[in-house]
Amino acid sequence: MVETKIGTEVTFGRGRWRLTREGHKSFVEGREYPWLEAASCRMWSSLSEWFWQERLWLPPNNSWAALEDRDGLVYAHPRDMLAALPLALALVVMRFVFERFVGMPLSRLLGVRHHARRLAKPNATLEKYFVTEGWKPKEPQMALLAAQCGLTLQQTQRWFRRRRNQDRPCLTKKFCEASWRFAFYLCSFFGGLSILYHESWLWTPAMCWDSYPNQPLKPALYYWYLLELSFYVSLLITLPFDVKRKDFKEQVAHHFVTIILIVFSYSANLLRIGSLVLLLHDASDYLLEAGKMFNYTNRRKVCDALFIIFSLVFFYTRLVLFPTQILYTTYYESIAEWSPFFGYYFFNVLLMVLQLLHVFWSCLILRMLYSFLKKGRMEKDVRSDVEESDSSEGEAVQEHLPLKNGAAHRAGAAPTDGPRSRLAGRLANGHTPAT
């Protein structure tokens, strides 16, 4: 019998093992549980086979075999989209480089000016509430905090305004983000237009269904599609670090729907109609980002003119062309030669979700246009969380002396028996307001 030393590697079954101590082995490599591996393979194979059923993705009487590359013709394959993941990471890196070496110098060149911000004085009690409870306490809680800190109600309100302003992004950050999106949308729109300009389906959307799904893939269209998908994936990656606006949830929904649409349309070889959707969306986006850039540089006339042009292009492409050309052809003309299938319904539902988002943003744009016509100048973006002034309407500018039992004391002070003072006093003494 040959003695085996501790640490020696041995072969047992379908794997290699290392002897750790008498009677015990440590798995090194190979298949430790071949039956489990076989079961996993069968489960994955069954799931993949169910997911890629031809009746889900393709029209009736069509198969994946007919879309295999042959005779010099190349077709779209779902695995091609995996290249979007590393490209999305590359775009994230490219974006930070662009903002650092192009966006920031450009903002200084165009004279982006920051508003002078007065910092909130250190206050442990208010800071703890700000971090743990919320940015905007209600008036009863505000009065209680004022009493706890020995401040007036106005001083406490001013502290919270200044503290909120500290966490708001500066104009340079907003300008850099807008400049990156402007550069991408501008290149994407005119690049896509140059690719589709000589294609018949650009001018006649019904041609999108000519010989579908047996439509070969053109390299330029593939690269444009891949770039668009990578960009929207990169937007999702950087979303937690971007300036958050009031339509944040709608933006997330839009990015997810767009990514699903791009992947699905490529996998189902719906590249022609998908390319038209991408082009219509890019047509107005670069105008919006350009308007934001000029807004941050305080060039009001240029900003107003760009916003008017953007609004007209947006309404025409999203509320006229999209429903009358895109939705019409996908809903009616796409099934002229075959009956509806799962992919038909799935694709149209996603397009309808996009249209609902278009209507939502159109309402916001109309609000801004109404303000423009009423006041003669463009007001702030209704989606933005704008910086607050140091004093609110109706609030006295001068500072008051600290509260004592919820009332201010100084010569010539306003009467201390007003409703706010009584409320602060009752809260400071442990009472709650009657409801």
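What you see is a predicted model, and the numbers here were worked out from it, not measured in a lab.

Cut-offs and rules
- Residues numbered from 1 in each chain as written.
- Predicted model: local features only at pLDDT ≥ 70, side-chain atom pairs only at ≥ 80, totals over all residues.
- Heavy atoms only, no water.
- Helix = DSSP H or I, 4+ residues; strand = E, 2+ residues; numbered from the N terminus.
- Buried < 20%, exposed > 50% of the residue type's maximum accessible area, 1.4 Å probe, protein only.
- Contact = heavy atoms within 4.5 Å.
- Phe/Tyr/Trp six-rings, centres within 6.5 Å; stacked < 30°, edge-to-face > 60°.
- Lys NZ or Arg CZ within 6 Å of the ring centre and 35° of its normal.
- Salt bridge = Lys/Arg side-chain N within 4 Å of Asp/Glu carboxyl O.
- pLDDT = per-residue confidence, 0-100.
- Axes fitted to C-alpha atoms, helices over the stretch in contact; angles between N-to-C directions.
- Parallel < 35°, antiparallel > 145°, perpendicular 65-115°, else oblique.
- Nonpolar A, V, L, I, M, F, W, Y, C, P; charged D, E, K, R; others polar.
- Arc of directions from axis to C-beta.
- Polar contact = N/O pair within 3.5 Å; in protein donor to acceptor, adjacent residues only side chain to side chain.
- Expected span 1.5 Å × (residues − 1).

What follows is about the overall build of the protein. Of the regular secondary structure elements, the protein holds 14 helices and five strands. Counting every position in the protein, which comprises 435 residues, the buried fraction comes to 43%. Considering only intrachain contacts with a sequence separation of at least 6, the fraction spanning at least 24 residues in the protein is 73%.

Moving on, we get to the packing of aromatic side chains. Within the structure shown, the criterion is met by 31 aromatic pairs. Taken together, the ring pairs in this structure connect Phe51, Trp52, Trp57, Trp64, Phe264, Phe342, Phe346 and Phe347 into an aromatic cluster. A cation over a ring is seen here: arginine 100 above phenylalanine 101, with NZ or CZ 5.3 Å from the ring centre.

In total, this model carries nine salt bridges according to the counting rule given. Close ionic contact of lysine 173 with glutamate 177 constitutes a salt bridge, the shortest N to O distance being 3.4 Å. Residue lysine 173 and its partner glutamate 177 are both found in helix α7 (residues 171-196); the two are separated by four residues, about one turn of the helix. Two residues, lysine 218 and glutamate 199, come together in a salt bridge whose shortest N-O distance is 2.7 Å. With lysine 218 in the loop between α8 (200-203) and α9 (219-238) and glutamate 199 in the loop between α7 and α8, this pair connects stretches of sequence that are 19 residues apart. One continuous salt-bridge network, built from bridges that share partners, spans Arg95, Glu99, Lys173, Glu177, Arg181, Asp242, Glu289 and Lys292.

Here the protein averages 79 in pLDDT, while 75% of its residues score no lower than 70. Confidence scores differ between elements of the protein, with helix α14 (residues 419-428) showing the lowest mean pLDDT of 40 and helix α12 (residues 300-331) the highest of 95. Confidence drops under pLDDT 50 across residues 382-388; counting only partners more than four residues distant or on other chains, this segment forms 25 contacts. Contacts for the low-pLDDT stretch residues 392-435, under 50 throughout, to residues beyond four places or in other chains number 55 contacts.

The contact between helix α4 (residues 124-132) and helix α5 (residues 139-149) brings their axes to 9 Å, and the two run at 150 degrees. When the axis of α4 is compared with that of α5, the two are roughly antiparallel. Between α4, through Thr125, Leu126 and Tyr129, and α5, the contact on the second element is made entirely by Gln141, Leu145, Gln148 and Cys149. Taken together, the residues of the contact of α4 with α5 sort by class into four nonpolar, three polar and no charged.

Along α4, the positions that sit buried rather than exposed are Leu126, Tyr129 and Phe130. The arc enclosing the buried residues of α4, seen along the axis, measures out at 100 degrees, which places them on a common side. For α4, the exposed residues lying more than 90 degrees away from the buried face are Ala124, Lys128, Val131 and Thr132. Among the residues of α4, the N-terminal cap falls to asparagine 123, whose side-chain oxygen and the backbone nitrogen of threonine 125 are separated by 3.2 Å. At the exit of α4 stands glycine 134, carrying a positive phi of roughly 155 degrees.

What follows is about helix α10 (residues 248-267). Spanning 20 residues, α10 covers 29 Å between terminal C-alpha atoms, matching the ideal 28 Å at 1.5 Å per step. Taken together, the buried positions of α10 are occupied by Val252, His254, His255, Val257, Thr258, Ile259, Leu261, Ile262, Phe264, Ser265, Tyr266 and Ser267. Buried positions along α10 lie against α2 (54-57), α9, α11 (271-296) and α13 (342-375). One or two steps after α10, the chain reaches asparagine 269, where phi turns positive at roughly 60 degrees.

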